[in-house]
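Structure at a glance
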Amino acid sequence: MAQNYRITLLPGDGIGPEIMAVAVDVLKVVGKQLDLSFEFTEALLGGAAIDATSSPLPDETLLTCRNSDAVLLAAIGGYKWDNLPRHQRPETGLLGLRAGLGLFANLRPAKILPQLVDASSLKREVVEGVDMMVVRELTGGIYFGQPKGVFETETGEKRGVNTMAYTEAEIDRIGRVAFETAQKRGGKLCSVDKANVLEVSQLWRDRITLLSKEYPGVELSHLYVDAAAMELVRRPKQFDTIVTGNLFGDILSDAAAMLTGSIGMLPSASLGASGPGLFEPVHGSAPDIAGQDKANPLAQVLSAAMMLRYGLNQPTAADKIEQAVLQVLDKGDRTGDIMSEGMNLLGCRAMGDSLIQALEES
Ligand SMILES: NC(=O)c1ccc[n+]([C@@H]2O[C@H](COP(=O)([O-])OP(=O)(O)OC[C@H]3O[C@@H](n4cnc5c(N)ncnc54)[C@H](O)[C@@H]3O)[C@@H](O)[C@H]2O)c1
Ligand SMILES: CC(C)[C@H](C(=O)O)[C@@H](O)C(=O)O
Ligand SMILES: [Mg+2]
């Protein structure tokens, strides 16, 4: 009998619905080939949810997600909602979803595919062979620390406040995920902080160092975040696994994305201690190209592959999707963001068709 999975789809805003449609088509084909059946339920998040319900994360969405085996998200946000107060914005819905599902570990792989070396803005010798995993803490740090808000001072001036805070337990649990990830990969872990300035980072460094005693097979190093940003661009191949806090991970993963040619290529997995994981591209809703059939759907499709691998324990299905992506790139198919001379320029839908064809021929 076919294995059945309940998948919540959150297409969100901007290019979200366009790239989600491609991922769903791909999942259906792979499902048919491997006798997996997916029961898709669409739910509202972000701007789309604000327009329909005035909340960026309706209760019903959180409930639907909790009751599923995995959640596939495209992206949220856009100019239309940029002037709303913070707690009503699309981004607040996404943060609420991550917190609501307890997704403290965000895995963001950045691997350059040989076909895309020329699409990178860096030199071939710098990026060829780049293959790293950024493990970003996702439900703590300055995104969630208290106090936060805009407060009035005694002189009547406004003062914006956010607090970067981590407990030992929060550091240890993300640290364990990172050491275990490094163990399965190249055996090297670089922890990124700002321990020369921030107390919270000193605690982070101390705990990660202590934890390393339990993982003698993993070589641990530390970098300050400013130096890490520089090293990522200067000599990215030195990195295998990186572990860092919420804000530093947000910034460094966008930088790592560009090493690989385009942010339109990078998937991510967000996992908790139990319950469904959330799988989403690293990029946003790209409002500048929304509705124009120009978006690269590959980060979304690769996020569906991560969902199969990390969320549903279906590595063969994940391999099949990743192989199809390599095949279309081998054929020379490119969306605008990864275009280079002599390649075939395709729109989002045509790229989806090419993927389906590759899968059907496999
Ligand atoms: N996880 C998410 O849902 C998520 C992540 C990041 C940003 N956002 C939100 O998205 C909105 C836009 O943010 P931004 O412009 O800073 O970042 P963005 O990632 O949406 O776009 C940055 C640049 O990359 C391009 N780009 C992104 N994805 C692409 C794709 N798949 N194919 C081709 N080009 C692509 C865009 O056209 C743009 O030029 C904001 O509201 C932001 O808060 C959401
Ligand atoms: C949209 C925003 C809340 C989000 C973040 O900062 O985590 C995004 O930039 C990301 O990287 O997923
Ligand atoms: Mg980001």
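Residues numbered from 1 in each chain as written. Chains lettered and ligands numbered in written order. Predicted model: local features only at pLDDT ≥ 70, side-chain atom pairs only at ≥ 80, totals over all residues. Heavy atoms only, no water.

As annotated in an unreviewed UniProt entry, the protein chain carries the name 3-isopropylmalate dehydrogenase and comes from Funiculus sociatus GB2-A5. Annotation of the protein chain in UniProt includes, under Pathway (unreviewed entry), the sentence "Amino-acid biosynthesis; L-leucine biosynthesis; L-leucine from 3-methyl-2-oxobutanoate: step 3/4." The heading Subcellular location (unreviewed entry) in the UniProt record of the protein chain holds the text "Cytoplasm". (UniProt positions renumbered as here; feature names shortened; annotations may be inferred.)

Considerations on the overall build of the protein chain
Counting its secondary structure elements, the protein chain contains 12 helices and 14 strands. The C-alpha radius of gyration computed for the protein chain amounts to 20 Å, which stays within 12% of the reference 21 Å derived for 362 residues, consistent with globular compactness. Principal-axis analysis of the C-alpha atoms gives the protein chain an extent of 65 × 50 × 45 Å. Put simply, the protein chain has 362 residues, and 52% of those count as buried. Restricting the contact set of the protein chain to residue pairs at least 6 apart, pairs at least 24 apart contribute 75%. Surface accessibility of the protein chain: about 16,100 Å² in total, with carbon and sulfur atoms responsible for 52%. Computed over 34 positive and 46 negative side-chain charges, the inter-centroid distance for the protein chain is 3 Å. (Helix = DSSP H or I, 4+ residues; strand = E, 2+ residues; numbered from the N terminus. Rg over C-alpha atoms; globule rule 2.2 N^0.38 Å. Buried < 20%, exposed > 50% of the residue type's maximum accessible area, 1.4 Å probe, protein only. Contact = heavy atoms within 4.5 Å. Areas by Shrake-Rupley, 256 points an atom, 1.4 Å probe, with all protein chains shown as cover. Lys, Arg positive; Asp, Glu negative; His and termini not counted. Charge placed at Lys NZ, Arg CZ, Asp CG, Glu CD.)

Here we look at the site of ligand 2
In the vicinity of ligand 2, the contacting residues are E91, L95, R98, R108, R136, Y143 and D250. Within the side chain of R108, an N or O atom sits 3.0 Å from an oxygen atom of ligand 2. Side-chain polar atom of D250 to an oxygen atom of ligand 2: 2.9 Å apart, as the coordinates give it. Summarising the interface, the protein chains cover 79% of the accessible area of ligand 2, which totals 320 Å² for the free molecule. When the residues that make up the shell around ligand 2 are grouped by side-chain class, the tally is two nonpolar, no polar and five charged. The residue makeup of the shell around ligand 2 includes at least three contributed by each of domain 1 (1-101 + 275-362) and domain 2 (114-263). (Near = heavy atom within 4 Å. Polar contact = N/O pair within 3.5 Å; in protein donor to acceptor, adjacent residues only side chain to side chain. Nonpolar A, V, L, I, M, F, W, Y, C, P; charged D, E, K, R; others polar. Domains from an automatic or database assignment.)

Focus: the nonpolar core
Grouped together as the largest cluster of nonpolar side chains are 88 residues, with contacts concentrated most on I7, V26, L72, M132, M265, L329 and L355. With nine residues, the top contributor of residues to this core is helix α1 (residues 16-34). Viewed by domain, this core spans two of them, domain 1 (1-101 + 275-362) and domain 2 (114-263), each represented by three or more residues. Those residues within four positions of M265 in sequence are excluded, and the remaining contacts are L113, L116, T260, N296, L298, A299, L302, L329 and I338. (Core = buried A, V, L, I, M, F, W, Y, C linked by side-chain atoms within 4.5 Å.)

Here we look at the site of ligand 1
Close contacts around ligand 1 come from 21 residues, with E91, E280, G284, A286 and D288 the closest. Backbone polar atom of S285 to an oxygen atom of ligand 1: 3.2 Å apart, as the coordinates give it. Separating an oxygen atom of ligand 1 from a side-chain N or O atom of D288 is a distance of 2.8 Å. Coverage of ligand 1 by the protein chains reaches 69% of its 800 Å² of free accessible surface.

With respect to the pairing of strand β3 (residues 70-75)
Each regular strand shows side chains that alternate between the opposite faces of the sheet. Counting buried residues in β3 gives six out of six residues, a clear majority hidden from the surface. Two elements, β3 and strand β12 (residues 277-281), share three bridges in a ladder whose sense is parallel. Opposite L72, over in β12, you have F279 as the bridge partner. (Pairing = 2+ DSSP bridges.)

Section: unusual backbone geometry
Excluding glycine, residues mostly carry a negative phi; peptide bonds, for their part, are mostly trans. With an omega dihedral of 0 degrees, the bond running from Q146 to P147 counts as a cis peptide bond. Note that P147 resides in strand β6 (residues 145-152). Of note, S54 is a non-glycine position whose phi angle comes to about 70 degrees, a positive value. Structurally, S54 can be placed in the loop between α2 (47-53) and α3 (59-66). The class of S54 is exposed, set by a relative accessible area of 58%. Within the chain, D293 stands out as a residue other than glycine whose phi angle is a positive 55 degrees. For D293, a relative accessible area of 25% translates into the label partly exposed.

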